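# Commentary on secondary and tertiary structure
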Amino acid sequence: MRTRFAPSPSGHLHLGHLYSAHLASELARDLGGECSLRIEDIDQNRCSSSYEEDLKEDLNALGLQFQGPILRQSERYPHYEQALKKLQTASFTYPCFCSRKEIQEELKNLQNAPHGPEGKHYPGTCRDLDPKERTKRIQAGAEHCWRFHSERAASILPKLTFTDIHHGLIAADPTLLGDLIIARKDIGTSYHLAVVVDDFEQQITHVVRGDDLLASTHLHRYLQEILKFSAPIYLHHPLVCDPDGKRLAKRDQARSLRELFEAGWQPDQIWKLLAHMPHSEKLR
């Protein structure tokens, strides 16, 4: 049994990260397995080595220990490129030349824009481009990302499921989030592709992460099928919220563990604080 805690060093960890790390560590202990630390730093414009060092110091100070070598996604681009080529060869991707502004404008003009649990989907503008036109644009140096062809996956692949410890057996729907980006223009991969490849190559048997990623698992399950990867068991846990019920997030400047330490908080005080945050029942 092996699970992982996989933070992104794009800022300091907050209590929500600590909760997820704790659950992963506890699950590994309960099942007699291992919990590894993975640094998800593919976005080099936002991530930094200083944040990585800080998060390792904070986790260590709070008594969280991980087994095995640390895996860094920034060192694994060839692995993601290889997986992308497999998806391209099987015709489950297509190049998208749209800018964010163009997508937003098109969605505004659509009376019945496709929707999912996270809002409006990409409208499929580039999905049916003529192959010759695609090749012409790429050869001309047009910037493009690669999107997952969700309708093709739904039409030719078998119906798949995945198991979640909290939610039970779930029927996976490859179209739930539309044609998501599999490889970004700037880095040649995406969270979705990288995490699926890493979980398989690290032999992760149990994935612990927040409920905000439950919808993404529908796509991940189909990527696993196409790439012939085994599917792990999932534990999507409730998100830790502030006293007003708002989820903790880096982008909202949630108070970080580093700030608490710098303000003089001791590890036992931080654990007690977390235990009294909404959705931290496991710690009470």
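Our subject in this report is the structure included herewith. Computed from a predicted model, the values in this text were never measured in an experiment.

Quick look at the overall build of the protein now. Looking only at helices and strands, one finds 10 helices and 12 strands in the protein. Expressed as a percentage of the 284 residues in the protein, the buried residues total 49%. Relative to all contacts within the protein whose residues are 6 or more apart in sequence, the contacts with residues 24 or more apart total 79%. Accessible surface computed for the protein: about 14,500 Å², of which carbon and sulfur atoms make up 48%.

This brings us to the sheet that holds strand 10 (residues 181–183). Pairing in this open sheet of 3 strands is antiparallel, and the strands run 4-7-10 from one edge to the other. Among the strands making up the open sheet, the edge pair consists of strand 4 (93–96) and strand 10. Across this sheet, the average inter-strand angle for adjacent strands is 45 degrees, counted without regard to direction. Strand direction decides the pairing type here: strand 7 (residues 145–148) and strand 10, joined by 2 bridges, are antiparallel. Paired with Arg147 across the two strands is Ile181, which belongs to strand 10.

The next thing to look at is the nonpolar core. Formed by 35 residues in total, the largest nonpolar core has its most connected members in Leu87, Phe148, Ile182, Leu193, Tyr222, Leu223 and Leu227. Here this core gets 7 residues from one element, more than from any other, and that element is helix 8 (residues 214–227). Residues contacting Tyr222, with those up to four places away along its chain left out, are Phe148, Ala153, Leu157, Pro158, Lys159, Leu160, Ala172, Asp173 and Pro174. Of all hydrophobic cores here, the second largest spans 25 residues; its members include Phe5, Val208, Ile270 and Met277.

Here the focus is unusual backbone geometry. Unlike most non-glycine residues, Gln203 shows phi in positive territory, near 60 degrees. Looking at where Gln203 falls in the secondary structure, it is placed in the loop between helix 7 (191–201) and strand 11 (206–210). Overall, Gln203 belongs to the exposed group, its relative accessible area being 56%. Of note, the phi angle at Lys228 is positive, near 60 degrees, even though the residue is not glycine. Looking at Lys228, the relative accessible area reads 74%, which means it is exposed.

For the pair helix 3 (residues 77–89) and helix 7, interaxial distance at closest approach is 10 Å and the crossing angle is 110 degrees. Comparing the axis directions of helix 3 and helix 7 gives the class roughly perpendicular. In contact with His79, Tyr80, Ala83, Leu84 and Leu87 of helix 3, helix 7 contributes Leu193, Ala194, Val197, Asp198 and Glu201. Residues of the contact of helix 3 with helix 7, tallied by class, amount to 7 nonpolar, 1 polar and 2 charged.

About the thresholds
Residues numbered from 1 in each chain as written. Predicted model: local features only at pLDDT ≥ 70, side-chain atom pairs only at ≥ 80, totals over all residues. Heavy atoms only, no water. Helix = DSSP H or I, 4+ residues; strand = E, 2+ residues; numbered from the N terminus. Buried < 20%, exposed > 50% of the residue type's maximum accessible area, 1.4 Å probe, protein only. Contact = heavy atoms within 4.5 Å. Areas by Shrake-Rupley, 256 points an atom, 1.4 Å probe, with all protein chains shown as cover. Pairing = 2+ DSSP bridges. Axes fitted to C-alpha atoms, helices over the stretch in contact; angles between N-to-C directions. Core = buried A, V, L, I, M, F, W, Y, C linked by side-chain atoms within 4.5 Å. Parallel < 35°, antiparallel > 145°, perpendicular 65-115°, else oblique. Nonpolar A, V, L, I, M, F, W, Y, C, P; charged D, E, K, R; others polar.

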